[in-house]
Every structure is written in C-alpha cells, then in structure tokens.
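One-letter residues, chain by chain:
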Amino acid sequence: MDVALIVATLCVVYIASIYNRLQHLLLVVQERKANVEAGALGRTELLERLADGSGRAPEYHQMLAQLAGAEQDLLARRESCNAEIRAYNAYRAQIPQILLSRIAGFRRIDFLVPDRTLSAGRPRTEDGTSATVTPMRR
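What comes next is a walk through the structure. Please read all numbers here as calculations on a predicted model, not as lab measurements. (Residues numbered from 1 in each chain as written. Predicted model: local features only at pLDDT ≥ 70, side-chain atom pairs only at ≥ 80, totals over all residues. Heavy atoms only, no water.)

**Quick word on the environment of valine 29**
Turning to step 1, where the next piece is worked out: Here valine 29 lies in helix α1 (residues 2-52).
Turning to step 2, where the next piece is worked out: Accessibility expressed as a relative area gives 0% for valine 29, which makes it buried. (Helix = DSSP H or I, 4+ residues; strand = E, 2+ residues; numbered from the N terminus. Buried < 20%, exposed > 50% of the residue type's maximum accessible area, 1.4 Å probe, protein only.)

**Considerations on the pattern of salt bridges**
Turning to step 1, where the next piece is worked out: The tally for this structure, following the rule as stated, stands at 5 salt bridges.
Turning to step 2, where the next piece is worked out: Salt-bridge contacts for aspartate 73 lead to arginine 77; the nearest nitrogen and oxygen are separated by 2.9 Å. With aspartate 73 and arginine 77 both in helix α2 (residues 59-92), this residue pair falls 4 residues apart, about one helical turn.
Turning to step 3, where the next piece is worked out: Among the charged side chains, a salt-bridge network with shared partners connects Glu31, Arg32 and Glu84. (Salt bridge = Lys/Arg side-chain N within 4 Å of Asp/Glu carboxyl O.)

**As for the packing of α1 against α2**
Each pair of packed helices can be summarised by the angle the axes make with each other and by the distance between the axes.
Turning to step 1, where the next piece is worked out: Packing of α1 against α2 brings their axes to within 9 Å, and their N-to-C directions diverge by 165°. Of the possible angle classes, the one that applies to α1 and α2 is roughly antiparallel. The two elements α1 and α2 meet at a crossing, and its hand is left-handed.
Turning to step 2, where the next piece is worked out: Here the residues of the contact of α1 with α2 are counted per class, giving 23 nonpolar, 4 polar and 10 charged. (Axes fitted to C-alpha atoms, helices over the stretch in contact; angles between N-to-C directions. Parallel < 35°, antiparallel > 145°, perpendicular 65-115°, else oblique. Left-handed = near helix turned anticlockwise from the far one by under 90°. Nonpolar A, V, L, I, M, F, W, Y, C, P; charged D, E, K, R; others polar.)

**Things to note about the packing of aromatic side chains**
Turning to step 1, where the next piece is worked out: Enumeration over the complete set of coordinates arrives at 1 aromatic pair.
Turning to step 2, where the next piece is worked out: Where tyrosine 19 meets phenylalanine 106, the ring centres are 5.5 Å apart and the plane angle is 70°; that geometry is what we call edge-to-face. Pair noted here: tyrosine 19 is in helix α1 and phenylalanine 106 is in the loop between α3 (95-104) and β1 (112-113), with a separation of 87 residues, a long-range link.
Turning to step 3, where the next piece is worked out: Look at tyrosine 19 and you get partly exposed, because its relative accessible area is 31%.
Turning to step 4, where the next piece is worked out: Above the face of the tyrosine 91 ring, arginine 21 is positioned so that its terminal group lies 5.8 Å from the ring centre. (Phe/Tyr/Trp six-rings, centres within 6.5 Å; stacked < 30°, edge-to-face > 60°. Lys NZ or Arg CZ within 6 Å of the ring centre and 35° of its normal.)

Written out as structure tokens, the structure is:
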C-alpha cells in the first residue's frame, strides 16, 4: 500500500511538473509575440511619418536610419520569438508531454514569418493569419 501511494504521488508530481513547464514555455512565447507586435507597431509609426513627410526635409534621412534600426530590431524580436516557439513545440512533442498537452489543450504554435505588407504592421504566422489572434490554447 505504501509503495502504491509513493508511486502515485511521484506520478502526480511528474505530471504537475510537465504541466508547469508547458505553461511557462507558453507564457514566454506569448511575451515574445507581444514584443514582436510592439516592434511592428513602432515600424508602422515610422512608415506613416515617412509617408506624411515631403521627402526633402533634413529629418527624412534620420527617419530612414531609424526605420532601418526598427527593421533590425523587429527581425531580432521575430527570431527570438521563433526560438521560443521552437523550444515550446519541441518540448510539447516529446512522448510523455504530448499526451498531457493534448489533454490540457496545449496546441502547436506556428512560427512567425515576415509580414509581406509593410502597411499592416502586424506579424503573420505561416498560415497567413495575424499572430495576435492565433489561438495558442483552447
């Protein structure tokens, strides 16, 4: 009886640790997606300011340099987010975790790809939907 109780307790603790790790990885992915969205918003604001300008103002070249910096920052944020998505998906796909993840509702997350339209300013997933509305858990 004591052995069965110890084994059951160990199983519950192991399942709880898997759930907590999945939850932690999911929260990190959500944070990184928010960072990508913030970078995309900053890039969009710079693009709007450039479009409103006459193109001859001295600050035009400064805004172009800021836009290049914003693009590099957005690229770094997207790569960081994709690395976290990769870690989440890899952990979720392992044998014991995939069973719990299906029961608990942890779904696979698509990688972010560069936005093809500069006017939208929102990151897109591989299937073309906005990253802000991609369901991560059901």
